[in-house]
Amino acid sequence: MATTFTSESPKEMTESDQVFEQAADVFRVMSAPMRLKIISFLCDGEKNVSYLLSKIDTTQPNMSQHLTTLYQAGVLGKRREGVQIHYRIINERVANLCRTVCTQIATDGN
């Protein structure tokens, strides 16, 4: 016997539930310190991967993984110039949230 769902079940997500889901998605993307560092460096403008690697102590594969995560999440945009890939912030809301949280933590002394 097949199960049919009526409008009574399952319960649909409310608008506030969707907001909480989206907020959780943003926090998941920002949950890695490496991604926060990348966002911080890109707040000053577009940078290529070589520049980011010169400023952030990590391997190229690790950097690429985090850049890909940020790109797929819609936080970063990218463009290719020859062999170099340049990244920029395209979601200012996430960048502002990152700045706000990091500044608040830094000023609290924790």
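Residues numbered from 1 in each chain as written. Predicted model: local features only at pLDDT ≥ 70, side-chain atom pairs only at ≥ 80, totals over all residues. Heavy atoms only, no water.

### Description of the sheet that holds strand β1 (residues 47-48)
Here comes step 1: Spatially, three strands are ordered β1-β3-β2 in an open sheet, and the strand pairing comes out antiparallel. If you trace the sheet from one side to the other, it starts and ends with β1 and β2 (76-81), each paired once.
Here comes step 2: Seen against the sheet, helix α2 (residues 33-42) touches β1, β2 and β3 (84-89) and runs at an angle of roughly 85° to β3.
Here comes step 3: Where helix α4 (residues 60-72) meets the sheet, its contacts fall on β2 and β3, and the angle it forms with β2 comes to roughly 120°. (Pairing = 2+ DSSP bridges. Helix = DSSP H or I, 4+ residues; strand = E, 2+ residues; numbered from the N terminus. Contact = heavy atoms within 4.5 Å. Axes fitted to C-alpha atoms, helices over the stretch in contact; angles between N-to-C directions.)

### So, the packing of α2 against α4
Here comes step 1: Put simply, α2 and α4 touch, their axes get as near as 10 Å, and they point 75° apart. Here α2 is positioned roughly perpendicular relative to α4, judged by the angle of their axes. Across the interface between the two elements, M34, R35, I38 and I39 of α2 pack against N62, M63, H66, L67, T69 and L70 of α4. (Parallel < 35°, antiparallel > 145°, perpendicular 65-115°, else oblique.)

### Considering the confidence of the model for the chain
Here comes step 1: On average, the chain scores 87 in pLDDT, and the residues at 70 or more come to 87%.
Here comes step 2: Per-residue pLDDT stays below 50 along residues 1-10; that stretch engages in one contact with residues further than four places along the chain or on separate chains. (pLDDT = per-residue confidence, 0-100.)

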